[in-house]
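# Structure at a glance
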Amino acid sequence: MGPVKGYKKRRKVEPNVSASGSSEEGSLDWWDALSKRIAGISSPSKGLEKFESMFKISRKTFNYICSLVKDSMMAKTSNFTFSNGKPMCLNDQVAIALRRLSSGESLIAVADSFGTNHSTVSQLTWRFVEAMEERGIQHLQWPSTEQEMTKIKSKFEKIRGLPNCCGAIDTTHITMLLSSTEMDSNVWLDREKNHSMILQAIVDPDMRFRDIVTGWPGKMDDFDVLQRSTFFKLCEKGERLNGKKMKLSEGTELREYIVGDSGFPILPWLITPFKGKENSESKVEFNKRHFATRVVAHRALTRLKEMWRIIQGVMWRPDKNRLPRIILVCCILHNIVIDMEDDVYDELVLPHHHDASYKQEVCKFADKTALVLRDNLSLYLSGRL
């Protein structure tokens, strides 16, 4: 049940949008064949349209993903074939894995649509997950340069004026259907009486995941998960969110911070909204600005679940040791689509909430220094400081 964290520092690799695999694998012949299989028609344009609606990514993004996982997936000697005995190329294997992750359909349903068996779908999906963990992690990392962080802070400030903000944090539940005979089933029972696993994410203004933690049982509250994260420990040690401070007034400075809802504690580096209904005008205005800023995390998680539906619904008896790694890869894929500036992604219609059946948590812990900082920021934004 070890938590998976997205903070690992790796060498950043810029996307290289070259066709993957051999010339045969990246050729029009392969695309035409896939179009006919999934669309049932010979029209290339309609086939491409069907491909994008099925996989929710463009051909350009698909090719880039293939280029990432090629070496890892093809290094292992396994001859995957279709039911008719035809061997699968790299593109076939990636297409099957992506279909499993993006549709959330059963192994049997995905196998039937591609003309193979459920065991092959399962093996290919896991091989793809392992390859993406190794090759794609550079797409999910905390900003490594001052220039990159400055750009993030500038974009956050343009949303509703919150200065020096470096991220927005939120959590969501990945619900599971567990067997009543499972010895640890009650460990995973959350406050809404669902068996679930938590995903905590910190995102930038472009809805890109910058840090994630997953693997913890849904019964834990947001503060518990946060405290157990490496991100929390680094912030408490002064090793993260330790960049340039902003001067609000004479003797008053604002350090770097992230924003979160009332389920999180207010800390010197984590600012939450004012509670209660009898707030002053400046506090009401602050809450509006705060909500408009932190909603990017809410939207990112909503889009993640809508696009990679394997983690959207109720997962039937998942392997709880493998599930955190699947969630991580879905987050990496989410970021890749953003990094590739994929137009298909922009057209995705989103539901209103990623955790529709869950009520708002309220954390009572409050750091006194952070309370003063929030008051000063509220006064600064209202022009009274």
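Read on for an overview of the structure. (Residues numbered from 1 in each chain as written. Predicted model: local features only at pLDDT ≥ 70, side-chain atom pairs only at ≥ 80, totals over all residues. Heavy atoms only, no water.)

## Observations regarding unusual backbone geometry
- In this structure, Lys56 takes a positive phi of about 65 degrees despite not being glycine.
- Structurally, Lys56 can be placed in the loop between helix 2 (44-55) and helix 3 (59-75).
- For Lys56, a relative accessible area of 13% puts it in the buried group.
- Phi is positive for Leu241, which is not a glycine, with a value near 55 degrees.
- With respect to the helices, strands and loops of the structure, Leu241 is situated in the loop between helix 9 (230-236) and strand 5 (246-249).
- Judged by relative accessible area, Leu241 falls into the buried class, the value being 3%. (Helix = DSSP H or I, 4+ residues; strand = E, 2+ residues; numbered from the N terminus. Buried < 20%, exposed > 50% of the residue type's maximum accessible area, 1.4 Å probe, protein only.)

## Brief notes about the packing of aromatic side chains
- Using the criterion set out here, one finds six aromatic pairs in the structure.
- Ring centres of Phe55 and Phe62 lie 6.5 Å apart, and the angle between their planes is 55 degrees; on these two criteria the pair is classed as tilted. Here Phe55 matches Phe62 in class, with each residue buried.
- Put simply, the rings of Trp142, Phe231, Phe232 and Trp269 touch in pairs and so form one group of aromatic residues.
- A cation over a ring is seen here: Arg322 above Trp126, with NZ or CZ 4.1 Å from the ring centre.
- Here Arg374 stacks its cationic end above the ring of Phe274, 4.2 Å away from the centre of that ring. (Phe/Tyr/Trp six-rings, centres within 6.5 Å; stacked < 30°, edge-to-face > 60°. Lys NZ or Arg CZ within 6 Å of the ring centre and 35° of its normal.)

## Considering the pairing of strand 2 (residues 165-177)
- For strand 2, a buried count of twelve out of 13 residues is recorded, marking the element as mostly surrounded by other parts of the structure.
- With three bridges joining them, strand 2 and strand 7 (residues 257-259) adopt parallel strand pairing. Residue pairing in the sheet places Cys165 in a bridge with Tyr257 of strand 7.
- Summarising the sheet, strand 2 and strand 3 (residues 195-203) pair through nine bridges and their orientation is antiparallel. Paired with Met176 across the bridge in strand 3 is His195.
- Summarising the sheet, strand 2 and strand 9 (residues 315-316) pair through two bridges and their orientation is parallel. Considered in strand 9, the bridge of Leu177 is made with Trp316. (Pairing = 2+ DSSP bridges.)

## With respect to the pattern of salt bridges
- Here the structure, examined in full by the defined rule, presents 18 salt bridges.
- Of the charged contacts, one joins Glu285 and Arg160 as a salt bridge, the two residues approaching to 3.3 Å between their closest N and O atoms. Separated by 125 residues along the polypeptide, Glu285 in helix 10 (residues 281-307) and Arg160 in helix 7 (residues 146-160) bring together distant segments of the chain.
- Relative accessible area serves as the criterion here: at 33%, Arg160 is assigned to the partly exposed category.
- With a shortest N-O distance of 3.4 Å, Lys305 and Asp355 are connected by a salt bridge. On the criterion of sequence distance, the pair formed by Lys305 in helix 10 and Asp355 in the loop between helix 12 (343-346) and helix 13 (368-381) is long-range, its members being 50 residues apart.
- With a relative accessible area of 4%, Lys305 lands in the buried category.
- By relative accessible area, which is 7% here, Asp355 ends up buried.
- One salt-bridge network, in which partners are shared between bridges, spans Glu148, Lys155, Asp204, Asp206, Arg208, Arg210 and Asp339. (Salt bridge = Lys/Arg side-chain N within 4 Å of Asp/Glu carboxyl O.)

## Describing the side chain of Asp222
- Note that Asp222 resides in helix 8 (residues 222-227).
- For the buried Asp222, no salt bridge is present, and the opposite-charge side chain at shortest range is Arg191, 5.6 Å distant. (Lys, Arg positive; Asp, Glu negative; His and termini not counted.)

## Structural notes on helix 7
- Across its 15 residues, helix 7 extends 22 Å between first and last C-alpha, which sits within 8% of the 21 Å expected from 1.5 Å per residue.
- By the burial criterion, the buried members of helix 7 are Glu148, Met149, Ile152, Lys153 and Phe156. Seen end-on, helix 7 carries its buried residues on one side only, within an arc spanning 135 degrees. For helix 7, the exposed residues set more than 90 degrees away from the buried face come down to Glu146, Gln147, Lys151 and Lys158.
- Those residues of helix 7 hidden inside the fold are in contact with strand 2, strand 3, strand 4 (209-217) and helix 10.
- Taken from the residues just after helix 7, Gly161 is the one with a positive phi, measuring 90 degrees. (Expected span 1.5 Å × (residues − 1). Arc of directions from axis to C-beta. Contact = heavy atoms within 4.5 Å.)

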